[in-house]
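Each chain, letter by letter, is given below.
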Amino acid sequence: MLDVREINTYYGLSHILFDVSLSVHKGEIVCLLGRNGAGKSTTMKSIMGLTPPKQGEITLKGDRVTGCPPYQMCRRGVGFVPDDRRVFADLSVGENLEISARPCQGSDGWDKERVYGFFPALSALDRRRAGVLSGGEQQMLTIGRALITNPDLLLLDEPTEGLAPIIVEMLEEKILELKASGLSVLLAEQNQNVALRLSDRAYIIDNGHIRYQGSIEELRQDEAVRQKYLLV
Amino acid sequence: MELFPSLSFSVLCIQILVGLSKATILFIVASGLTLILGVLRIPNLAHGSLYMIGAFTTYSIATAFSQSNLGFWVALLLAPLVVALIGLIMEQGLFRFLYKRDHLMMLLFTFSFTLVFADLVKLVWGSDYRSLAVPKIFQGSYLLLGMPFPRYNLFLLLLGPLFAAGLWYLTNRTLLGKISRAAAVDREMVGAVGVNVNLVYAAVFVLGCYLAGIGGALVAPTQNISQGMDHSIIIEIFLIVIIGGLGNVWGALLGAVIFGLTDAIGILVAPQFGIVFPYLAVITVLTFRPKGLLKSIW
């Protein structure tokens, strides 16, 4: 599905990502764990084309997509949920979804009704301005907005950050539901508990370097690695 | 009343209507400027030049078709399209490579266009002023409250709400409008949901220029078409956009009405200082609402 090979990303002169490589296969949830500022969001943005890497290669479903602008990444099937949510605050919930809707090849694509069916809480808010929604509602909207672009791969950047436990639990269920429907997910998380529950495989990023990769069982047992890179 | 012996109720009413009809043209031109400012973040000083080109083109087309009664109407249709085409060439040829530059650079860049366009207009139309007759069906006046009111101004008065409604529909009900509102705030994220923002920018830029062209076409029969009309309008519409709230189409409407009304009433109250009143209004507004009356997108 997604293959990232040795990408290096800079913000101006500062070097943020160093030879980051990772891959996501079809239908699996892969988490990218790391502390604040470790390079999780930059990795997500580099894949999406928002901060294009200077070196390295990104392939999506076998096609080389390095340097593609974000709108093309989206049309090629990557849905992006940024960590700061970035709903279109002046637009209503419905309008947020309308401008994001992309046609899909298959018959069971995502449209507004399906998003509202998936997140029933949103359907009552159709005409509400997105800027006045609560954090949890905004998070549902950003995920819905990514889904309605009909992606094959979802980039979820800290979807549970700052949300109440009950909402986190609901989102976890929804993410597993999406996985069951065949979607691949790259999940950036600080919260190990969420990541360990949801993911099939894990990468740990620290200071812009990938320090660990392995299956979730291995990571669960590897207390030392978690201690070293994840505990604050 | 003793202070202003000429100020009867009907005179005041007529003058208000004249002010509002002037506000219509100001609104149409300013809405184009504010759209470009809000969505593309370009302070386009050349907007006044496009308005001037619209007026001159209207003159040329209307004169070319002067044997038919429809000369002005053909011009009203075509001249804004000519201006829109110039806008398309500007955007695709130059502006789209410069969106990441800071505002000051853009300001200087668009200023250079005012110089280029002023000379181009001089080359094409010479430095004499031109004038265009009001189209036949709007010649003469109606009697309102016992006072004559030019028919063409009534036509302008009716156009104002029509354009306001059209722009409301465009920004609130069409996909382009919704995308533009989102792109004005978060261009990057609009790209990340699969929208080719460059196309949206081009469309909004061309639409803004088209509105400048319409304004130029509509103003052509009401005043001398001359060099220098680019400068006077750009100052007025920039002030309108600033007092209304940058990038806000309704702000442009409100600003234009304030500008048109204070101008018209100023002329009535103190003819020799008439020109001062709109600027006094601007100063007053900005003293109390430095960011403009309505929400600024900047």
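These numbers were taken from a predicted model, which means no experiment stands behind them.

**Q** Looking at this structure, I do not really get the overall build of chain A. What am I missing?
**A** Each helix and strand counted, chain A has 10 helices and 10 strands in total. The C-alpha radius of gyration computed for chain A amounts to 17 Å, which stays within 12% of the reference 17 Å derived for 232 residues, consistent with globular compactness. Per-residue burial for chain A yields a buried fraction of 44% across its 232 residues.

**Q** Please explain the overall build of chain B as it appears in this structure.
**A** Scanning chain B for helices and strands turns up 11 helices and 2 strands. The C-alpha radius of gyration of chain B comes to 19 Å, within 12% of the 19 Å expected for a compact globule of 298 residues. Taken along the three principal axes of its C-alpha coordinates, chain B extends 65 × 50 × 35 Å. Evaluated residue by residue, chain B yields a buried proportion of 47% over its 298 residues. Pairs at least 24 residues apart make up 79% of the contacts formed inside chain B by residues separated by at least 6 positions.

**Q** What is the right way to read the interface of chain B and chain A from this model?
**A** Interface size is commonly expressed as the accessible surface area that is lost when the partners come together. The interface is formed by 16 residues belonging to chain B together with 20 residues belonging to chain A. Where the side of chain B that touches chain A is concerned, the elements lending two or more residues are α6 (175-185) and α7 (187-192) of chain B. Ranked by residues supplied to the side of chain B that touches chain A, first place goes to α6(B) with 6 residues. For the side of chain B that touches chain A, the residue count by class is 9 nonpolar, 3 polar and 4 charged.

**Q** Any chance you could explain the pairing of strand β2 (residues 14-24) of chain A here in plain terms?
**A** The side chains of a regular strand alternate, first on one face of the sheet and then on the other. All names here are of chain A. Sheet topology note: the strand β1 (residues 2-11)/β2 ladder contains 7 bridges and is antiparallel. Looking at the pairing, Y10 lines up with H15 of β2. Between β1 and the antiparallel strand that follows it, β2, lie 2 residues; G12 among them carries a positive phi value of about 60°.

**Q** Would you take a moment to explain the nonpolar core for this structure?
**A** Formed by 156 residues in total, the largest nonpolar core has its most connected members in A:L155, A:L187 and B:V29. A total of 16 residues in this core trace back to one element, the largest contributor, which is helix α1 (residues 9-40) of chain B. Not counting chain neighbours up to four residues away, the residues in contact with A:L155 comprise A:M44, A:I47, A:M48, A:V78, A:G79, A:F80, A:V81 and A:L186.

**Q** Any chance you could explain the packing of helix α3 (residues 93-100) of chain A against α6(B) here in plain terms?
**A** A pair of packed helices is captured by two measures, namely the crossing angle of their axes and the spacing between those axes. Put simply, α3(A) and α6(B) touch, their axes get as near as 10 Å, and they point 105° apart. Judged by the angle between their axes, α3(A) and α6(B) are roughly perpendicular. Touching A:E95, A:E98 and A:I99 of α3(A) are B:L175, B:K178, B:I179 and B:A182, all from α6(B). Along the lines of polarity and charge, the residues of the contact of α3(A) with α6(B) split into 4 nonpolar, no polar and 3 charged.

**Q** Please clarify how the sheet that holds β1(A) should be interpreted in this entry.
**A** Whether parallel or antiparallel, the strands of a sheet pair through hydrogen bonds between backbone atoms. Residues and elements named next belong to chain A. The 4 strands are arranged β2-β1-β4-β5 in an open sheet whose pairing can be described as antiparallel. Two strands lie at the open edges of the sheet, namely β2 and β5 (63-64), each paired on one side alone. Across the sheet, helix α1 (residues 40-48) lies against β1, β2 and β4 (55-60), angled at about 70° from β2, the strand it touches most.

**Q** Help me out: how do you make sense of unusual backbone geometry in this one?
**A** Residues and elements named next belong to chain A. Positive phi values are uncommon outside glycine, yet R86 reaches one of about 50°. Structurally, R86 can be placed in the loop between β6 (78-81) and α3. The class for R86 is partly exposed, based on 19 C-beta atoms found within 10 Å. At N150, a position not held by glycine, the phi torsion is positive, near 55°. Position of N150 among the secondary structure elements: in the loop between α6 (135-147) and β7 (153-157).

**Q** What is the right way to read the packing of α6(B) against helix α8 (residues 197-219) of chain B from this model?
**A** All names here are of chain B. Remark: α6 packs on α8, axes separated minimally by 10 Å, with the N-to-C direction vectors making an angle of 105°. Taken together, α6 and α8 sit at an angle that is classed as roughly perpendicular. Here α6 contributes L176, I179, S180 and A183 to the contact with α8, which in turn contributes V197, V200, A203 and V204. Broken down by class, the residue content of the contact of α6 with α8 amounts to 7 nonpolar, 1 polar and no charged.

**Q** I'm lost on the environment of A:W110 in this one. Help?
**A** Residues and elements named next belong to chain A. Note that W110 resides in the loop between α3 and α4 (112-118). C-alpha of W110 to C-alpha of L171: the two residues are 61 residues apart in sequence and 18 Å apart in space. In this view, W110 contacts C104, V115, L147, I148 and N150; residues no more than four positions away in its chain are not counted.

**Q** Before we go on, may I ask you to explain the environment of A:C68 in this structure?
**A** As for its placement among the helices and strands, A:C68 is situated in the loop between β5 and α2 (70-75). Every residue in contact with A:C68, bar those within four places of it in the chain, is listed here: A:G49 and A:M73.

**Q** I would appreciate a short explanation of the sheet that holds strand β9 (residues 201-206) of chain A in the present structure.
**A** Residues and elements named next belong to chain A. The 6 strands are arranged β6-β7-β8-β3-β9-β10 in an open sheet whose pairing can be described as mixed. Each edge of the open sheet is held by one strand with a lone partner, namely β6 and β10 (209-215). Going across the sheet, the axis of each strand differs from the next one's by a mean of 15°, ignoring polarity. The sheet contact formed by β7 and strand β8 (residues 184-189) spans 5 bridges and is parallel. Within β8, the residue paired with L153 across the bridge is S184. Sheet contacts for α1: β3 (29-33), β6, β7, β8 and β9; angle to β7, the most-contacted strand, approximately 150°.

**Q** Just to check I follow, could you spell out the environment of B:F56 for this structure?
**A** Residue and element names in this part refer to chain B. Relative to the elements of secondary structure, F56 occurs in helix α2 (residues 47-64). By the C-beta count within 10 Å, which is 23 here, F56 ends up buried. Residues F56 and L254, 198 residues apart in the sequence, show an inter-C-alpha distance of 28 Å.

Cut-offs applied
- Chains are numbered independently. Their residues run from 1 in the order of the written sequence.
- Working convention: letters from A go to chains and numbers from 1 go to ligands, in the order in which they are written.
- The model is predicted, so local features are restricted to residues of pLDDT at least 70 and side-chain atom pairs to those at 80 or more, both for listing and for counting; the totals for chains, interfaces and linings are taken over all residues.
- Secondary structure elements are defined from DSSP: runs of H or I of at least 4 residues count as helices, runs of E of at least 2 residues count as strands, and each element is numbered from the N terminus.
- With C-alpha atoms as the basis for the radius of gyration, the globule rule is written as 2.2 Å multiplied by the number of residues raised to the power 0.38.
- Field definition: a residue is buried when 20 or more other C-beta atoms are found within 10 Å of its C-beta, exposed when 12 or fewer are, and partly exposed for counts in between, with C-beta atoms placed from the backbone.
- C-beta atoms are first placed from the backbone for all residues, and any pair lying within 7 Å is then listed as a contact.
- All amino acids are sorted into three groups, where Ala, Val, Leu, Ile, Met, Phe, Trp, Tyr, Cys and Pro are nonpolar, Asp, Glu, Lys and Arg are charged, and the leftover types, Gly among them, are polar.
- For two strands to be treated as a pair, DSSP must find at least two bridges joining them.
- A set of buried residues drawn from Ala, Val, Leu, Ile, Met, Phe, Trp, Tyr and Cys, joined through C-beta atoms within 7 Å, is what defines a nonpolar core.
- Angular values range over 0 to 180 degrees, each being the angle between N-to-C directions of two axes fitted as lines to C-alpha atoms, with helices fitted over their stretch in contact.
- Convention used here: angles under 35 degrees read as roughly parallel, angles over 145 as roughly antiparallel, angles from 65 to 115 as roughly perpendicular, and any remaining angle as oblique.

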